[in-house]
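For reference, the chains in residue letters:
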Amino acid sequence: MIEDSKHHNVTCNLQVTEDLEIRSYLGVPILLHDGKMFGTLCVLRKEKSSFTSDEINTIQNMAMFLGYLIDLEYVTIHDSLTSSYNLNFTTKYFDDYIKGKICKWAMIFIDLDNFQYVNDTLGHKMGDILLQKVSERMVTELEGDIVSARLGGDDFVLLLSGENDKTKVESFLEAILELFSKPFQVEGRDVSITPTMGVSLYPQDGLDAETLLKHADMALQEAKKSGQNHYSFFNQKLNEHISKKVQLTNDLPKALSNRELVLHYQPQFNMEKKMTGIEALLRWNHPELGMISPLDFIPIAEETGAIVEIGKWVMETACQNVKELHQHGQSDIKVAVNLSVKQFQQKKIADEILTILEKVKLHPCYLELEITENMAITNMKRTTFSLEQIKALGVRIAIDDFGTGYSSLSYLKRFPLDVLKLDRSFIHDITVDQKQFAIVKAVIDMAHALELKVVAEGIEEESQFHLLKQMGCDEVQGYLLGKPTPFIRLLK
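These numbers come from a predicted model, not from an experiment.

**A closer look at the packing of aromatic side chains**
To describe a pair of aromatic rings, one takes the distance between the centres and the angle between the planes.
Stage number 1. Overall, the coordinates contain 4 aromatic pairs when judged by the stated rule.
Stage number 2. When the centroid spacing of 6.3 Å and the interplanar angle of 85° are considered together, the rings of Y231 and F233 count as edge-to-face.
Stage number 3. Of the residues examined, Y231 reaches a relative accessible area of 15% and is grouped as buried.
Stage number 4. One residue, R137, lies across the ring of F184, its end atom 3.8 Å from the ring centre.
Stage number 5. Its end group placed over the ring of F465, K273 keeps NZ or CZ at 4.9 Å from the ring centre.

**Observations regarding the pairing of strand β17 (residues 453-456)**
Stage number 1. Strand direction decides the pairing type here: strand β16 (residues 419-422) and β17, joined by 4 bridges, are parallel. Residue pairing in the sheet places K421 in a bridge with V455 of β17.
Stage number 2. In the sheet, β17 pairs with strand β18 (residues 475-476) via 2 bridges, with the strands oriented parallel. Bridging across to β18, V455 finds its partner in E475.
Stage number 3. Taken together, β17, helix α18 (residues 462-471) and β18 form a β-α-β motif whose crossover is right-handed.

**Brief notes about the layout of surface pockets**
Stage number 1. By volume, the largest pocket amounts to about 1,000 Å³.
Stage number 2. Around the largest pocket sit 36 residues that line it, and E279, L281, P294, I298 and N338 are the ones nearest its centre.
Stage number 3. For the lining of the largest pocket, the secondary structure elements donating two or more residues are β10 (261-270), β11 (275-286), α9 (294-304), α10 (307-327), β13 (334-338), α11 (341-344), β14 (367-372) and β15 (396-402).
Stage number 4. For the lining of the largest pocket, the residue count by class is 18 nonpolar, 9 polar and 9 charged.
Stage number 5. Reported here for the second largest pocket is a volume of approximately 370 Å³.

Conventions we followed
Residues numbered from 1 in each chain as written. Predicted model: local features only at pLDDT ≥ 70, side-chain atom pairs only at ≥ 80, totals over all residues. Heavy atoms only, no water. Phe/Tyr/Trp six-rings, centres within 6.5 Å; stacked < 30°, edge-to-face > 60°. Buried < 20%, exposed > 50% of the residue type's maximum accessible area, 1.4 Å probe, protein only. Lys NZ or Arg CZ within 6 Å of the ring centre and 35° of its normal. Pairing = 2+ DSSP bridges. Helix = DSSP H or I, 4+ residues; strand = E, 2+ residues; numbered from the N terminus. Right-handed = clockwise from strand over helix to strand, strands pointing away. 1 Å grid on protein atoms, 1.4 Å probe; cavity = no way out; pocket = protein on both sides within 12 Å on 5 of 7 lines; lining within 4 Å. Points joined across faces, edges and corners; volume = space filled by probe spheres on them. Nonpolar A, V, L, I, M, F, W, Y, C, P; charged D, E, K, R; others polar.

Right, dumping it as structure tokens:
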């Protein structure tokens, strides 16, 4: 006869108990933290006997402990917000199970565009619900053998099994974009959001989850450069680019102390082709890689904060160099120096400039500081205050690359500017494009009406120079009259 405890509504399979000649059993439910029943812990005996209270307590404790272990395992591999898998599961699943069993995989790193805007405008609760809806839709509506995981924040990863052909994976990516084209219902309102994705393929892009995820992230960052709601695949050139960036990031802090940074100067001329000034251009003479373009290392310096110390060195060196030109008989030459975003945002930028001028003993009128349009409009109130402080020193202020940003008349009128520098993109077609000619002429006339001098950049042809002279342009710089050159050559 089989004994069933009166305290637990649990039964065992009769056929199993008969086959094993079980005479008594005790079944205890395994409960999870939310009270749901996961299963049953059954203790079976071949002899007919009752379980003692101590045995029952022991078995109940064992069932409780099993529930705890199951909860712990669940928490370890699941995301608490969306209940999808997490990074721990993704890496373990791939490395312990997938590798060697299925030879084709695609890892898709997904970042939600402007998710912070949802949090800021609708609140974090609505943002959390949106993340849950996104996770649910990907799991239920995407076709294919996939594993979905949330890595944290608004980052997700999808593992697509059995496929590493780029064309076929692209079809899956298009399906994801289509999935996001429909708004998500969040607390009764439609919320639209788009994904940007980076993709790595197994085995060609990596043989373990960590490498594939790193490469998918690289591809994601590349995709972001092309805008939102887009995707990009990892490739070896991208890896080489990232490796170079890592090397430059590691080496840049030592570049200044090792005297690897140098200044070249591009001359500026008036319309009689007399040199009136020089623009300081930073170069990095890397001991292994040779001369590094500022386009490659200035963004790194901005990201790491190294640009503040570098910018200070550039300004002081440029002031010293122009002072030396004055001592060699070129007493009317000024020097133009580009201010970085982080330099300009310093609260005591005017004090730092004054300290350099006093140290070098250079009159402020021979220093011209250049800021870009985008820098200027970031914080109009702060920009106005800083520029007025700099202007009070007697330093000239130029707006650089005019025409590539907002090209707004409002800030030209509001800020204490001296010079407007026309970007080379404005100049390129003025000899063949009547509309471009008219635009440049209008900008020059407008600048003069605001009592600003105009410097045109990128002059490469004599015909461009003559047209600008006819328009009333004040100064020019470009390869036609002078290429960037080391300072020593200016002294000659």
